[in-house]
Every structure is written in structure tokens, then in C-alpha cells.
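# Coordinate analysis (summary)
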Amino acid sequence: MLDNLSLLAQAPVLNIQLLLDGLFIGATFALAAYGLALVWGVMNVKNLCQGDMVILGGFITVTLAHNGIHPIFGLPVAIVALFVYGWIVYRLIICRVIERDLFTSLLATFGLAIVMAQSMNLIFGPEVTTADSGFETRTLFDGLVTVAEIKVVSLLLAATLATIVIVFMKRSRMGQAIRATAQDARAARVMGIDTDRVYQFTYALNAAICGAAGCLISMIWTIQPFFGITHSIRAFVIVTAAGFGNLFGVILAGFGLGFAEQYSGFVLGAQFQQATVVGLLVIVLVVRQIQQARHRRAVI
Amino acid sequence: MKQTFTFKRVGCIAASAVALAFAATSHAKVDGDTIILGAAISLTGKYSSNGVNAKNGYDLAVKRINEMGGVKVGGKSYKLSVVYYDDESTPARGAQLAERLIQQDGVKFMLGPYSSGLTKAIAPVTEKYKIPMVEAEGASRSLFTQGYRYMFAVLSTSEQYLGSAIDLKAEMFEKMGKKPSDVKVAMVFENDPFSLDVRAGCVEDIKRHGMKIVVDDKMPRDLNDISATLTKVKALKPDLLLISGHEKGATTATRQMKDMKVSAPMIGITHCESGKVVEQFGGAADGFLCPTQWDETLTYKGQYFGTAADYDKAAKAAYPQYKVVPYQMAQATAAVLVWKDAFERANDFDTEKLRDALAATDMETFYGKVKFSTAGNNVAKPMVLRQIQGGKYKVVAPTKWASAPLIYPRKAGN
């Protein structure tokens, strides 16, 4: 561990590599986490199949790429396909559990996650695959820092998508309806908003965002039917840390998690990369608990 | 009248009871002229690609043996058949299914599952019931230090996987007039029983040569990112990079080494074939040293499939989806051949006699020689090291079977 720290001190340029990699992956984490924040905040559904939707988006991209379509064009396809998928899932499953207690929706989405992972395994096979963009890798600082062009492209795409979603939420009627429902579903109903339709749209939108994140992840990393759970965990850590309804916080937490993973992987070793994510979740929960306890005392 | 009716009913019940009794024994050890073998295998879940490879290997052997006259025991000819259950790539399920095969289905002769983890879960069950098992896909060294009596493995054990790459590296350094003790080694291994056993073997060899370990990272099972580790590799410039983490490790490492332009003069990496590194990354995988249990260019020969090359042809004819026949399939076939040989030598279906016959196995197959140590592992067949050269797998070590010279230092293509 000390060796690795001294390595960072000797070659500070390595920090740039770690920060860049953290930035690139943090952006995709933030995207998937924002979808979760939406569903969680608006519908109070903790969507445990978030990561599996990401992987599904990735597989759509990979399948297209294997059939000669450039993976970047997989992005709109994955978004539309997952939007439709989310719509159907809402009608079949989510609308039945949304009014029930927390545990029911947790179980339902957890079950859905298992079914999705196994179905993808049957349909796409268990191989670890990746969508090759064919882009070059640039080297900086005598080859000590490398930047794959696809990572830059995916960062820009993630930023564009995030901007579109923000504008949509602020400006469009549906966006306003979603925000109104999130604030107070009963009041929104009184005001004539069809909350069921809002829920349905929100869930489908979340799935579409996951599809986009999956497309980007399949281009910069590797995917496999059973990789979903790690993406779910990441999304949960980010949303728990940032809180829902706070897009800026989600983006910040996304990048923070990206950096944390890279640095822990470098300093402590890859074996602690995931442990760091889960460890951060515990810390975040403890801090939140203390904050809330203080808040409660203040209220009393 | 009423009485006859009752008689009829009793008859009916008796008949169904007999039928039930037959149904219950229909899967027993030997059913008529068929010997039933049992296997829990990963048909779904994360190991299912190699699970299916293993099943194909078992099936091909069963088909060939049956076509060539079956198994002769006590002057009678028997056909072979295998009962499969899907273990879903989870050890707990594997152990449950082994119980089910032995307890409910009455299977007395077992074939192994895929992966060391599953074998580790199933072996205690077969030992408990004293049911002999010939396994072909569990290479972990730790499987053979438990004192198991009824488990036999046709493959070479895990510590030999990357050992020859380390020896080769030392040899290269000596040739260049440098000391092997100056070699810097970076190691990336998955945190699972098999990969950690490969690592343990490597550490021993590295110590023997007095080499230095500069990176020693372990990948968690679900992680698909080792870029931080590769940044370290890039900065420390090791002379030898060793990677093992099943298909996921091979694919993730190749993908990220390509993206980050990370290389080393020598790279040893397991599961290149099943990770499809050549198909997915082309030239970026050139120069990798990939250990294999078996290669179709080896000069092994046996009664049932002829030479290794003949087996390769037969396998491709039966399963046209294979461009390269995975060694996982070849060794599964070898396990069935070992069973057949043991049945004929024991000339009996008694499990104890069969166990002794298995322990005394000394045969030649297309997969190599099979002779078990007292621990149950095959000690007669060495591990082979292949190098990817221009997208083709070429045997480079041991020199006896080398089909091409080693390209050193490694040159990655495009």
C-alpha cells in the first residue's frame, strides 16, 4: 500500500490517469443513478433491477455491433427498446406493487432482476463481451497517460443525455407533472394529473436512461448477464449519498464514486475496489442517520 | 360381483406399486443393458459456456463408445448413458443435485461438474456415499489435498497452469545474459478458489527463481474493471505479467490493456480460448501465452478417437459451432473413456472394485496419458503452453511438442 502511494508521489502524472478514468466511468454511474433517483423519488420504488436494465441496454448495443452497426448507433436503439420494456414492465408488475409497502416492491424488483439476468444468459449467452467502437487510444505524457477516444465520446454523450433529461424535467408538461407527483401525489391527483400515467412514464424513462448507460458501458467496459448487481449497488450508493431530487448531487456523487474506485484500486489493490463502494455506502448511511437524529431533536 | 371389483382394485394397486418400484429404479446404476452415469453440470449461470462444452465432451464420448460396441462387463455388452442436472453454476445447488443423483436416482458412477468451485462442493457428497467420481474440469490443487478416495481427475492441476511461463521467462533472461532474479512480475488474479490456486503455484515458482513481485492484485468476482491495476502495471513496467480469472479475467484484461496500451515483454493469461480474446480483440491478443490442458497438434493417441487431431475433427463434425475445440470438451471426453476402461478392468459394477480399478488406471488417450496419483490427480500428462501468433494458437512449450518458436519479447498487432 505504501509502495503504491510512493509511486503516486514519484509519478504524479499517474493521478491524471486515475482522475480521468474516474471521470469517464463516474459519468455512466451518474446516469444510471439518476434514473434510480427518479423512480425512487417519484414512485418510492427501489428498483433492484436497475443494473440488469443497464446490462440489457449493453447487450442490445453489442448485438447490433456484432451485426455491423456501429455501437454509437446502438444508443438510440437501446433507449427506445428499454423505454418500451420499462413501459411493459410497469403495466405487468410495477403498477401492482406500487401502492403496497416497501418490502413488496423490493421483492418484486429483486425477482425481476433474477429473471432478467437468467433470460439474458439464455438469449445472449454467458460470454463476457464488449462492443468495439474501433476508435483509437491517445497517449499523453510519454505514454504514462492513455485516453481511449471512446471514453471521451461516451462522457460527452452522457453529458448530452443528462442535459436533455434536465431540460425535459424543467420545461415539458410531463416533466412538470412528474415533479408535481414527486412532491405530493395526492395534491397532484387533485389538480387533475393522471398519476398512474406519470408513474408509468417515469418508470419507462428510467429504463431508457439505464439503456443509454448500458450502451456506454458496453463500449468502454465489458458486460456479462450477471454483472448487473454491481451496477445496482453503485446506483444505490450514489442515490443514498446524494438524495433524490438533487441531480447535481447525483452527478457529483457519481464522479466521486468513480474517483474512489480508481484510487482504492490503485492504492489498496483491485480486491478493495468493490469493498470501497460498499464501505462508502455504510459510511453514508451512518452519517445520514446522525444527521437525521439531529434533525429530529431539532424538530422536537 | 362386488368382490371381484375389489379384487380388480387390489390388482390395480399392486400393479401400480410394481410400476412405481420399477420407475424408482429406472435410473439406478445399471438399467437393463445400460450403465447410467450421473453429472451435475452448469447449463445455465455464469459457467454455462464451459458447462455446455463439458456436456458436449461427455456426450461425444458416450456416442462413440456406444457406436463401437459399448462397454463389456461380465461377457455382456452395455451401453452408456448420462443423467444430467443443471447446477445453475452455484456450488450449493451442485451439492444438492449430487445428493439427488445418488439418493433418489440411485446413480453409482459420477462424472464431474464444471469448475473447481463446483467440484469442491460435490466431492464431499460423493465421498460420503463412497461413490466414485471421475472429474475433468476441477483443476484446483486444493481438491487433491483433502485425502479424497473416490475422486479422480484426468487433468493437470492448477499450480502447473502458468508455471511454464515463469520458467520460460527465466530461460529468456538467462539467454540475454541477465539474472532471472531481476525479473519483475505483476500478477492479477481473480478472488476464487481456482485462480488463487493458480496464483499459489506461481508464487512458488517465482520464489524458486528469486524473482520480484511488483503488483499482486486480486479481482473481485463481479468486477469488470481493472484499469487502476493496469495503471500500476504501466508505471512499474514489469517483465512478466500474469493474469488469471476465467473468461471474465481474460476478456476484461485484454479489452483494457488494448484501451490503455499496456503491455509487457511476456504475458501469461489463462482462459484465452473460452474468453474468445482472438475473436473479440484480434491483434491486441497477439503474443499472449495461454496455458492449455490439451491441443489438437499434440501427438497423443488412443483407442477411441485416434489422435488428438482426429478428435478435433470428430468434435467439429459433431458440433460445427466450434472453430477451435475447447480443451474443456476434450478432457470431459477423456473422463468417460477412463470410466469405460475401469468398468472393463473391474469387470464388475461394485463401487469399491471400480474405485480400485480407477486408481490403477494407466492408459493412453487422444487427450494424453492418464495415471492417477494417490491423491487422485493425473500425473502422466503435462500442461502445454500456447502463444497466440497472428491470431492462431501455436504450441511453444514444452519444446517436445512445440509447433512454433516463442516470439519474445511480445509484439502486439492491430
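Fair warning: this is a prediction, and the values are worked out from it, not measured in the lab. (Residues numbered from 1 in each chain as written. Chains lettered and ligands numbered in written order. Predicted model: local features only at pLDDT ≥ 70, side-chain atom pairs only at ≥ 80, totals over all residues. Heavy atoms only, no water.)

### Topic: the packing of aromatic side chains
Each aromatic ring pair is characterised by the separation of its centres together with the angle its planes make. Residues and elements named next belong to chain B. Convention followed: Planes of paired rings set the category: under 30 degrees apart is stacked, over 60 is edge-to-face and the rest tilted, where pairs are Phe, Tyr or Trp rings (Trp by its six-membered ring) whose centres lie within 6.5 Å. Runs of H or I in DSSP of at least four residues are treated as helices and runs of E of at least two as strands, each being numbered from the N terminus. Remark: exposure states derive from per-residue accessible area (1.4 Å probe, protein chains only) relative to the maximum for the residue type, with buried under 20%, exposed over 50%, and partly exposed in between. Both a distance and an angle decide whether a charge sits over a ring: NZ of Lys or CZ of Arg must be within 6 Å of the ring centre and within 35 degrees of the ring normal.
Applying the stated criterion across every chain yields a total of 22 aromatic pairs over all chains. Where Phe-109 meets Phe-343, the ring centres are 4.9 Å apart and the plane angle is 90 degrees; that geometry is what we call edge-to-face. Pair noted here: Phe-109 is in strand E5 (residues 109-111) and Phe-343 is in helix H11 (residues 327-346), with a separation of 234 residues, a long-range link. Since its relative accessible area comes to 0%, Phe-109 is described here as buried. We classify Phe-343 as buried; its relative accessible area is 0%. Here Lys-178 stacks its cationic end above the ring of Phe-173, 4.6 Å away from the centre of that ring.

### A short note on the nonpolar core
All names here are of chain B. Note the threshold: Definition used in this section: a nonpolar core is a set of buried Ala, Val, Leu, Ile, Met, Phe, Trp, Tyr and Cys residues joined via side-chain atoms within 4.5 Å. Note that the domain bounds reflect an automated or database-derived domain assignment. Whether two residues touch is decided by their heavy atoms; if any such pair falls within 4.5 Å, the residues are in contact.
The biggest cluster of nonpolar side chains holds 109 residues, and the ones touching the most others in it are Trp-294, Tyr-311 and Phe-343. Considering every element that reaches this core, the biggest residue donor is H11, with 13 residues. Both domain 1 (25-157 + 297-371) and domain 2 (160-293 + 384-401) contribute no fewer than three residues apiece to this core. Non-local contacts of Tyr-311, meaning those with residues more than four positions away in its chain, are made with Gly-57, Leu-60, Trp-294, Phe-305, Val-325, Met-329, Ala-330, Thr-333 and Phe-366.

### Here we look at the domain arrangement of chain B
Residue and element names in this part refer to chain B. Note the cut-off: Put simply, buried area is the surface a 1.4 Å probe can reach on two separate parts but cannot reach once they are joined, added for both. Any carboxyl oxygen of Asp or Glu that lies within 4 Å of a side-chain nitrogen of Lys or Arg is treated as forming a salt bridge with it. N or O atoms closer than or at 3.5 Å make up a polar contact, with two conditions inside protein: a donor-capable atom paired with an acceptor-capable one, and, for residues adjacent in sequence, both atoms drawn from side chains. Residue classes follow a fixed rule: Ala, Val, Leu, Ile, Met, Phe, Trp, Tyr, Cys and Pro count as nonpolar, while Asp, Glu, Lys and Arg count as charged, and any other residue, Gly among them, counts as polar.
Per the domain assignment, the segments making up chain B are domain 1 (25-157 + 297-371) and domain 2 (160-293 + 384-401). Centre-to-centre, using C-alpha coordinates, domain 1 lies 30 Å away from domain 2. In total, domain 1 and domain 2 occlude about 1,700 Å² of area from one another, counting both sides; carbon and sulfur atoms represent 51% of this. The largest per-residue losses of area from domain 1 upon contact with domain 2 belong to Thr-157, Leu-298 and Tyr-327, which jointly make up 30% of the total buried on that side. At the surface where domain 1 touches domain 2, the tally comes to zero salt bridges. Counting across the domain 1 and domain 2 interface gives nine residue pairs in polar contact (both at pLDDT 80 or more). Put simply, the parts of the chain that give the side of domain 1 that touches domain 2 at least two residues each are helix H4 (116-128) and H11. Residue contributions to the side of domain 1 that touches domain 2 peak at three residues, all from H11. When grouped by side-chain class, the residues that make up the side of domain 1 that touches domain 2 number eight nonpolar, ten polar and three charged.

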